[in-house]
Amino acid sequence: MSRPILVFDSGVGGLSVVAALRHRLPGAALAYLCDNAMLPYGTKPDDWLVTRIADVCCAAVTASNASALVVACNTASTLALRELRARLNIPVIGTVPAIKPAAMATQSATFGLLATSATVRRPYTDALIGDFAAHCHIVRVAADSLVTQAERKLRGEAVDIAEITHALSPFWTVAELDTVVLGCTHFPLLRDELNACAPRRITWIDSGDAIARRVAQVMIDVAPAKTVESAWSSAPTPALAKVLAAYGFASLEPLPPLPTSSPLP
Ligand code: DGL
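Residues numbered from 1 in each chain as written. Predicted model: local features only at pLDDT ≥ 70, side-chain atom pairs only at ≥ 80, totals over all residues. Heavy atoms only, no water.

Quick look at the site of the ligand now. In the vicinity of the ligand lie 14 residues, with Ser 10, Tyr 41, Thr 75, Thr 185 and His 186 positioned nearest. Contact between the ligand and Asn 74: an oxygen atom at 2.8 Å from a main-chain N or O atom of the residue. The separation between an oxygen atom of the ligand and a polar side-chain atom of Thr 75 is 2.6 Å. A total of 300 Å² of accessible area belongs to the ligand in isolation, and the protein chains cover 100% of it. Judged by the proximity of its atoms to the pocket grid, the ligand belongs to the largest cavity. Residues belonging to the shell around the ligand are distributed by class as follows: six nonpolar, seven polar and one charged. (Near = heavy atom within 4 Å. Polar contact = N/O pair within 3.5 Å; in protein donor to acceptor, adjacent residues only side chain to side chain. Areas by Shrake-Rupley, 256 points an atom, 1.4 Å probe, with all protein chains shown as cover. 1 Å grid on protein atoms, 1.4 Å probe; cavity = no way out; pocket = protein on both sides within 12 Å on 5 of 7 lines; lining within 4 Å. Sits in = over half its atoms within 2 Å of the grid points. Nonpolar A, V, L, I, M, F, W, Y, C, P; charged D, E, K, R; others polar.)

Right, dumping it as structure tokens:
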């Protein structure tokens, strides 16, 4: 039986990475995991998240017999990659905010970082900025509400344009800003709305293709796509199953029971 590459996010944001993977590795079998019972991750305590992410991913790697795990979530990757690599004996490929490409793309050495409140304040993000963009002025904007908007959009529900306009407003006070890092995998799903809400031309940079390139390097033998690709969720619903089916995941299963059932503090 072919072993799929498992793509993980708190919600549907990882589907922006699935699209990049399908483009670069069209023959690869994928599986999808979302911990939507605990969405959003960006506002949860770090210690709790590390345990939760490791438990959820380990359970789904076993259930899917995955050959690799793609953590298609900045909020999880900037926190839990070490724990995941310690607990899993398959390759784990993470997502990090595209600070380096943005520092190379900006013409004015001034760019924005649009991410969850967790990602904008993480030491991991500070280190990336120190390594690759120390010469740049960076406007960090936490926009957890846009995670909800992306979830709504994919379910065919109305998106609140006023909310997006409000979230982006800190960027427009800095005249030189010409580039924005989409440091949350949910945000590329709102690209049309982001463009519509921007008062000037902006280069939006996400990590999707960089992750797909990394997966292609790491996975020399990818399993060919099966007829049925599956997804796992901590709170499966018919609406979520419909979204996942549109991305090729024909079956949606509930996650098996987790070893640690620690309640949110
Ligand atoms: N899609 C996730 C990310 O890339 C975050 C969504 C959440 O806060 O749960 O950071």
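Picking up where we left off.
Another aspect to go through is the environment of Glu 229. Take Glu 229: it is sitting in strand E9 (residues 229–233). A residue is classified by how much of its surface remains accessible, and Glu 229, at 6% relative accessible area, is buried. With 165 residues separating them in the primary sequence, Glu 229 and Ser 64 have C-alpha atoms 9.8 Å apart. Those residues in contact with Glu 229 that lie beyond four places of it in its chain are Arg 22, Ala 28, Ala 29, Leu 30, Gly 248, Phe 249, Ala 250 and Ser 251. Within the structure, Glu 229 has its side chain in polar contact with the side chain of Arg 22 (distance 2.8 Å). Within the local environment of Glu 229, its side chain forms a polar contact with the backbone nitrogen of Leu 30, the two atoms lying 2.6 Å apart. (Helix = DSSP H or I, 4+ residues; strand = E, 2+ residues; numbered from the N terminus. Buried < 20%, exposed > 50% of the residue type's maximum accessible area, 1.4 Å probe, protein only. Contact = heavy atoms within 4.5 Å.)

So, about the pairing of strand E7 (residues 179–182). Burial along E7 is two-sided: Thr 179 and Val 181 facing one way and Val 180 and Leu 182 facing the other are all buried. Sheet analysis places strand E5 (residues 110–115) next to E7, joined by four bridges and oriented parallel. Looking at E7, one finds that Leu 114 is bridged to Leu 182. One ladder, built from three bridges, connects E7 with strand E8 (residues 203–205); its direction is parallel. (Pairing = 2+ DSSP bridges.)

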